[in-house]
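# Overview (structure and organization)
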Amino acid sequence: MTLAMWAIALIIAESIPVFNSLLGILSALFVSWFSYGLPGIFWLWMRKGSWFSSRARILSFCANVLLVITGTMLCVLGLWASIEAIANEKGTKPWSCANNAPKSLQEAAKEAAMQATRR
């Protein structure tokens, strides 16, 4: 079962040129909220009305508000970065042996090859 799921994931990942950026969008939308936003919101909801009843609750309130803010920032900034990556990505060909590396990596490889030939 694991091998079959791994094979399917490999085929999907190699077939979709912008798959990495799509995973970034999904992570920004869901992982940031499930990991950071929702736990903070749930704590605030469950203890509504007693947020400032003791020093420990005040510190917990501040920590959970910070948690919700962190989840929001990760969601917004992650979405922005992933959408920018898709917008700036050149048309790559899936299942080809062509070099699909970004331009800066290609230039770095050429410079390294030229330096190696000079030695």
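Criteria and thresholds
Residues numbered from 1 in each chain as written. Predicted model: local features only at pLDDT ≥ 70, side-chain atom pairs only at ≥ 80, totals over all residues. Heavy atoms only, no water. Helix = DSSP H or I, 4+ residues; strand = E, 2+ residues; numbered from the N terminus. Buried < 20%, exposed > 50% of the residue type's maximum accessible area, 1.4 Å probe, protein only. Contact = heavy atoms within 4.5 Å. Phe/Tyr/Trp six-rings, centres within 6.5 Å; stacked < 30°, edge-to-face > 60°. Axes fitted to C-alpha atoms, helices over the stretch in contact; angles between N-to-C directions. Parallel < 35°, antiparallel > 145°, perpendicular 65-115°, else oblique. Left-handed = near helix turned anticlockwise from the far one by under 90°. Nonpolar A, V, L, I, M, F, W, Y, C, P; charged D, E, K, R; others polar. Expected span 1.5 Å × (residues − 1). pLDDT = per-residue confidence, 0-100. Polar contact = N/O pair within 3.5 Å; in protein donor to acceptor, adjacent residues only side chain to side chain. Patch = residues over 30% accessible without salt bridge, like charges linked within 9 Å, V, L, I, M, F, W, Y side chains within 5 Å. Areas by Shrake-Rupley, 256 points an atom, 1.4 Å probe, with all protein chains shown as cover. Salt bridge = Lys/Arg side-chain N within 4 Å of Asp/Glu carboxyl O.

Helix and strand counts for the chain come out as four helices and zero strands. The secondary structure elements of the chain, listed N-terminal to C-terminal, are α-α-α-α. Counting over 119 residues, the chain shows a buried share of 12%. Considering only contacts within the chain whose residues lie at least 6 apart along the sequence, 66% involve residues at least 24 apart.

For the rest of this paragraph, the subject is the packing of aromatic side chains. Here the structure, examined in full by the defined rule, presents four aromatic pairs. Both rings, one in tryptophan 51 and one in phenylalanine 52, keep their centres 6.4 Å apart while their planes meet at 85 degrees; by these two values the pair is edge-to-face. The class for phenylalanine 52 is exposed, based on a relative accessible area of 53%.

Relative to each other, helix 2 (residues 19-46) and helix 3 (residues 55-88) sit at 170 degrees, their axes nearing to 8 Å. Relative to helix 3, the element helix 2 is oriented roughly antiparallel. Handedness of the crossing formed by helix 2 with helix 3: left-handed. A class-by-class count of the residues in the contact of helix 2 with helix 3 yields 20 nonpolar, twelve polar and one charged.

Relative to the elements of secondary structure, leucine 44 occurs in helix 2. Linking leucine 44 and serine 60, residues 16 residues apart in sequence, is a C-alpha distance of 9.2 Å.

A word on helix 3. Helix length check: helix 3, at 34 residues, gives a terminal C-alpha distance of 49 Å against a target of 50 Å (1.5 Å per residue), a fit within 8%. Taken together, the buried positions of helix 3 are Phe61, Asn64, Val68, Gly71, Cys75 and Ser82. Each element contacted by the buried residues of helix 3 is listed here: helix 2.

Take the environment of glycine 40 next. Structurally, the position occupied by glycine 40 is in helix 2. Accessibility expressed as a relative area gives 0% for glycine 40, which makes it buried. It is 4.6 Å that separates the C-alpha atoms of glycine 40 and asparagine 64, two residues lying 24 residues apart in sequence. Not counting residues within four places of it along the chain, the set of residues in contact with glycine 40 comprises Asn64, Leu67 and Val68.

This next bit is on the confidence of the model for the chain. Interpretation of this model should avoid reading the predicted coordinates in detail wherever pLDDT is low. Across the chain, pLDDT averages 83, with 86% of residues at or above 70. Mean pLDDT per element in the chain: helix 4 (residues 103-118) is the minimum at 75, and helix 3 is the maximum at 92.

The subject of this paragraph is the side chain of serine 82. Its location among the elements puts serine 82 in helix 3. A distance of 3.4 Å separates a polar atom in the side chain of serine 82 from the backbone nitrogen of isoleucine 25. The residues touching serine 82, leaving out its near neighbours within four places in the chain, are Ser21, Gly24 and Ile25.

The next thing to look at is a nonpolar patch on the surface. On the surface, Met1, Met5, Ile8, Ile12, Ile16 and Leu22 cluster together to form a nonpolar patch covering roughly 610 Å² of accessible area. Looking at which element gives the most residues to the nonpolar patch, the answer is helix 1 (residues 2-15), with three residues. Within the fold, leucine 22 resides in helix 2.

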